[in-house]
Amino acid sequence: MDALGINLPGLITQIVSFGILFFILSKLLYKPLVSMLDQRAEKISEGLNAAEKAKADAQKSEEAIQQQLSEARIEGQKLITQARETADKFREEEIAKVKEELESERSRAQSNIQRERDAAIEELRKEFAGLAISAAEKVVQDSLDSEKHNQIIESVLNESNVVFNVSKNA
């Protein structure tokens, strides 16, 4: 082996030194380095799993929020509908009250008008009765010729028209 340029004792020493160094490095560095790489890979794996879980949780949360929003919209629509129904009912009740008040006011006005009309008619009857008595007194006091009789009737009618027009205008 000398012809090849290989020193056998040096080669054996190098092989033994390499074996010892390999053994020492494998015990001291390789196992801690491998375990550290395994731990890092495990942490990365856990991080990815946590990220996927967070993503799934976020998706579930988003779905829950969307469902709550849709429920809130439905509830809001129900509240708006109820408010409209309540407002319509209140408006109808108020309209009915106003109609009832107007009807009662109209009835009172009609009864007042009827009372006043009856009073006016009664007043006219009294005045007409007074005029008739006045006319009869004039007829009795004057002679009963037909010309005088017609004049008295015309004057009584004229007086009654004046009284009637005054009463009517009042």
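Bear in mind that the values here come from a model prediction, so they are computed numbers and not experimental data.

Engineer: What is the right way to look at the overall build of the protein chain in this model?
Structural biologist: In terms of helices and strands, the protein chain carries two helices and zero strands. Residues counted as buried form 4% of the 170 residues belonging to the protein chain. In the form shown here, the protein chain has an accessible surface area of approximately 15,100 Å², with 60% of it arising from carbon and sulfur atoms.

Engineer: How do you make sense of the pattern of salt bridges when you look at a structure like this?
Structural biologist: Pairing is possible between side chains that carry opposite charge, provided their charged atoms lie close to one another. Inspection of every chain in the model, using the stated rule, returns four salt bridges. Residues aspartate 88 and arginine 91 are paired through a salt bridge, measuring 3.0 Å at the closest nitrogen-oxygen approach. Remark: arginine 91 and aspartate 88 occur in helix 1 (residues 8-141); sequence separation between them is three residues, near one turn of the helix. A relative accessible area of 32% means that aspartate 88 is categorised as partly exposed. Taking the relative accessible area as the measure of exposure, arginine 91 reaches 47% and is therefore partly exposed. A salt bridge links arginine 106 to glutamate 103; the nearest nitrogen and oxygen atoms lie 2.7 Å apart. Remark: glutamate 103 and arginine 106 occur in helix 1; sequence separation between them is three residues, near one turn of the helix. Classification of glutamate 103 as partly exposed rests on a relative accessible area of 38%.

Engineer: I would appreciate a short explanation of the packing of aromatic side chains in the present structure.
Structural biologist: Each aromatic ring pair is specified by the distance between its two centres and by the angle formed by the two planes. A complete count under the given rule lists one aromatic pair for this structure. Measuring from centroid to centroid gives 6.2 Å for phenylalanine 18 and phenylalanine 22, while their planes differ by 25 degrees, and the two rings are stacked. Separated by four residues within a single helix, phenylalanine 18 and phenylalanine 22 lie in helix 1, roughly one turn from each other. In this pair, the class of phenylalanine 18 matches that of phenylalanine 22, namely exposed.

Definitions and cut-offs
Residues numbered from 1 in each chain as written. Predicted model: local features only at pLDDT ≥ 70, side-chain atom pairs only at ≥ 80, totals over all residues. Heavy atoms only, no water. Helix = DSSP H or I, 4+ residues; strand = E, 2+ residues; numbered from the N terminus. Buried < 20%, exposed > 50% of the residue type's maximum accessible area, 1.4 Å probe, protein only. Areas by Shrake-Rupley, 256 points an atom, 1.4 Å probe, with all protein chains shown as cover. Salt bridge = Lys/Arg side-chain N within 4 Å of Asp/Glu carboxyl O. Phe/Tyr/Trp six-rings, centres within 6.5 Å; stacked < 30°, edge-to-face > 60°.

Remember, this is a structural readout, not a statement about activity or role.
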